[in-house]
Amino acid sequence: MRTITIQGLDKPVSCLIKGSDYFREDVYDKAARNLDAYFAIGGNTIDTAYIYCGGESEKTIGRWMAERGNREQVIILTKGAHHNKDGPRVNSEAIEADLQESLQRLGTDYVDLYALHRDDPSVPVGIIMDALNEHIRAGRIRAIGGSNWTTARLQEANEYAAQHGLVPFTFSSPNLSLAKANEPFWSGCVSADSSDCAWHEQHQLPLLSWSSQARGFFTGRFTPEVRDNADLVRVFYSDANWDRLRRAEQLAAERGMTAIQIALAYVLNQPFPACALIGAQTPEELESCRQGAEIVLTREELEWLEHGTPVRA
């Protein structure tokens, strides 16, 4: 499987990252089988978060690593400092509390990749970067990033880090998919647009995309008339996205692949390091992702898939 490099890690990160937002302790056997199968195809990175499944996601991963004895072969991406019912909590106290509990649940003394799950633009970046760097110096975090941070805030944070001799953000995790979001999935979420992608290309900052396959938009199960998934209708139903689906289907037919595999390849063939978080729960879904990750697209094909131009020969 293709990999990327993220500054701060001594291991490459697989281009497919295993999602775990359905990992509950009462489905441990299923989660363990999914993880075993994912690692068998060359994957090595698991995405989780302090809030996933009320903490059960991290506990399930911790149990699996303990049973397999493979902590040093696994790259853990976890996230913290998500807002709660009282509002934003992107501050040093929340980061400390969430990280310490995540480590306990995971049964480890460090996480490879740590992302702030949301941003709070009212908090100066210096406070945030100072807090995160304390944990890096203590060995609890290898690399830091922002999940659902704007590129403007990422740049501001990294400029602060450069000025103060601190470790910068070395990855970002917004939504990036061939289907473009009409509005955020949830409050505070960020979807990368063309200007964001241009910034990532300029800085070559790795992007780890959630909802990389647009939550099933490209599976063929959805049409403009099928409106039983309110979130999908709200976020992804648009004339431009139906056109993108048709172009993905056309290219898929030419390649002997499926539209959803082309949509995955769109994310992984950006002109900057990119990975895709995947939610595959069955052997068939995992094999589809594995094949999609092997597709190579040219820059012209990326442009055509997204915009319909230039005209393909």
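The preceding data block contains the structure.
Structure report, in brief.

Calculation notes
Residues numbered from 1 in each chain as written. Predicted model: local features only at pLDDT ≥ 70, side-chain atom pairs only at ≥ 80, totals over all residues. Heavy atoms only, no water. Axes fitted to C-alpha atoms, helices over the stretch in contact; angles between N-to-C directions. Helix = DSSP H or I, 4+ residues; strand = E, 2+ residues; numbered from the N terminus. Parallel < 35°, antiparallel > 145°, perpendicular 65-115°, else oblique. Contact = heavy atoms within 4.5 Å. Nonpolar A, V, L, I, M, F, W, Y, C, P; charged D, E, K, R; others polar. Core = buried A, V, L, I, M, F, W, Y, C linked by side-chain atoms within 4.5 Å. Buried < 20%, exposed > 50% of the residue type's maximum accessible area, 1.4 Å probe, protein only. Phe/Tyr/Trp six-rings, centres within 6.5 Å; stacked < 30°, edge-to-face > 60°. Lys NZ or Arg CZ within 6 Å of the ring centre and 35° of its normal.

1. Here we look at the packing of helix α8 (residues 239-255) against helix α11 (residues 299-307)
- At a closest axis distance of 7 Å, the pairing of α8 and α11 adopts a crossing angle of 140 degrees. Between α8 and α11, the interaxial angle falls into the category oblique. When α8 is examined against α11, the residues Arg-244, Arg-247, Ala-248, Gln-250, Leu-251 and Arg-255 are found in contact with a partner set consisting of Glu-301, Trp-304, Leu-305, Glu-306 and His-307.
- Taken together, the residues that form the contact of α8 with α11 break down as four nonpolar, two polar and five charged.

2. A closer look at the nonpolar core
- Ranked by size, the top nonpolar core spans 102 residues in total, and within it Leu-116, Leu-208, Phe-217 and Phe-218 carry the most contacts.
- Looking at this core element by element, the count peaks at nine residues for helix α9 (residues 259-268).
- Setting aside residues no more than four positions away along its own chain, Phe-217 makes contact with Ala-179, Phe-222, Leu-232, Phe-236, Tyr-237, Asn-241, Trp-242 and Leu-245.

3. As for the packing of aromatic side chains
- Using the criterion set out here, one finds 13 aromatic pairs in the structure.
- Centre to centre, the rings of Phe-185 and Phe-236 are 5.5 Å apart; their planes meet at 70 degrees, and the pair counts as edge-to-face. With a gap of 51 residues between them, Phe-185 in the loop between β8 (169-173) and α6 (194-203) and Phe-236 in helix α7 (residues 230-236) connect regions that are remote in the sequence. The same class applies to Phe-185 and to Phe-236, which are both buried.
- Arranged with centres 4.8 Å apart and planes meeting at 35 degrees, the rings of Phe-217 and Trp-242 form a pair that is tilted. Residue Phe-217 is found in the loop between β9 (207-209) and α7, and its partner Trp-242 is found in helix α8; the two are separated by 25 residues along the sequence.
- Exposure remark for Trp-242: the relative accessible area of 8% places this residue in the buried category.
- Here Arg-71 stacks its cationic end above the ring of Tyr-110, 4.2 Å away from the centre of that ring.
- One cation-aromatic arrangement involves Arg-142 over Tyr-110; the distance from NZ or CZ to the ring centre is 3.8 Å.

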